[in-house]
Amino acid sequence: MSFTPAVQDPSDPSAKPLPEVRRVRTHHLAQAKATGEKFSMLTSYDHMTAELFDAAGVDMLLVGDSAGGTVLGHTTSLAITVEQMLPMCAAVAAAARRAFVVVDLPFGSYEESPEQAVRTAVRFMKEGGAHGVKIEADESLADHVAAVVRAGIPVIGHVGFTPQSEHAMGGYRIQGRGEAAQKVVDDALALEAAGAFCILLEMVSAETARAVDQALGVPTIGIGAGSATTGQVLVWQDALGLNGNKVARFVKQYADLRSVVSEAVGRYVSEVRNGSFPSEEHTY
């Protein structure tokens with residue numbers, strides 16, 4: 001079940017390779033939890049990045065509603081629609097040869113009823129080619145998760161800070177501190193009982209995330225939740241330094257693509273203006 005053999009850092013003695021798999025499945029993720037191994041997830045919204053990330057060994061690709069900001073320029077994820085996300089999902093799924101492709105159910109597409117949740121999830125599986133869906137939910141929406149699971153669709157439950165509820169939560173605030181920790185644990189347990197194969201924890205204190213991971217039999221994925229989770233996820237534009245805005249504390253930037261792209265495009269503009277491009281070698 002090799003999740004990341006292509007990008008293992010040989011200088012890191014703690015990075016142990018995992019057995020090879022041709023396609024990452026839910027049971028491989030469950031096995032990672034059982035054996036104490038780790039897996040990786042990055043967002044992706046288009047064919048080319050999905051192809052690159054898949055080849056680099058990323059285990060799960062998330063077609064996130066974060067595309068509302070990173071792709072469409074909205075200030076929050078609330079505005080993006082199912083119709084806008086479907087072609088993104090299809091493009092990512094078409095590129096992924098090994099990675100497990102998960103898509104967010106966007107705001108307003110599942111909260112109304114379990115039936116609505118199933119209808120939306122089915123569309124992403126049929127039209128988008130997704131392998132599973134992610135639902136921002138607490139204990140009160142466990143029936144919605146259960147209905148989607150009964151339809152034969154793998155579900156990741158998303159607890160802690162849930163961006164679609166940012167206004168109800170009073171903005172981007174760390175969850176699970178003090179007495180609030182038990183609610184995060186209870187929500188995660190309820191979604192596991194509803195059939196979720198994995199639980200994502202966002203902006204949760206490391207202590208609470210550890211308690212959730214220990215309480216669950218299914219794997220966990222963290223974003224701003226410390227290192228105790230089975231997997232980790234980041235928005236790719238944040239992780240690779242394409243985002244020009246201030247990034248959250250939990251983001252590690254592995255490259256500075258914004259500078260690379262800006263410099264390259266600047267050279268292109270300059271060469272077009274001074275007539276050095278196209279040269280003879282670029283002319284038929």
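Everything discussed here concerns the structure shown above.
These remarks concern the structure in this document. (Residues numbered from 1 in each chain as written. Predicted model: local features only at pLDDT ≥ 70, side-chain atom pairs only at ≥ 80, totals over all residues. Heavy atoms only, no water.)

1. Concerning the environment of G176
Along the chain, G176 falls in the loop between β5 (155-160) and α7 (181-193). Separated by 46 residues in the primary sequence, G176 and A130 place their C-alpha atoms 31 Å from one another. Excluding residues within four positions of it along the chain, G176 makes contact with A181, V184, S205 and T208. (Helix = DSSP H or I, 4+ residues; strand = E, 2+ residues; numbered from the N terminus. Contact = heavy atoms within 4.5 Å.)

2. As for the sheet that holds strand β2 (residues 60-63)
Strand order in the closed barrel formed by eight strands is β1-β2-β3-β4-β5-β6-β7-β8, and the pairing between neighbours is parallel. On average, adjacent strands in this sheet sit at an angle of 25° to one another, irrespective of strand direction. Strand direction decides the pairing type here: strand β6 (residues 198-202) and strand β7 (residues 220-223), joined by four bridges, are parallel. By the bridge assignment, L200 is partnered in β7 with I221. The sheet contacts of α7 involve β5 and β6, and relative to β5 the element is tilted by about 170°. (Pairing = 2+ DSSP bridges. Axes fitted to C-alpha atoms, helices over the stretch in contact; angles between N-to-C directions.)

3. Re the nonpolar core
Most often, soluble globular proteins keep nonpolar side chains buried together rather than apart. Membership of the largest hydrophobic core comes to 58 residues, with the highest contact counts inside it found for V133, I135 and V148. Sort the elements by how many residues they give to this core and helix α4 (residues 82-95) lands first, with seven residues. With near-sequence residues (within four places) excluded, V133 lies in contact with V102, V103, L105, A121, V148, I153, P154, V155 and I156. Ranked by size, the runner-up nonpolar core spans 17 residues in total, among them A32, V102, C198 and V233. (Core = buried A, V, L, I, M, F, W, Y, C linked by side-chain atoms within 4.5 Å. Buried < 20%, exposed > 50% of the residue type's maximum accessible area, 1.4 Å probe, protein only.)

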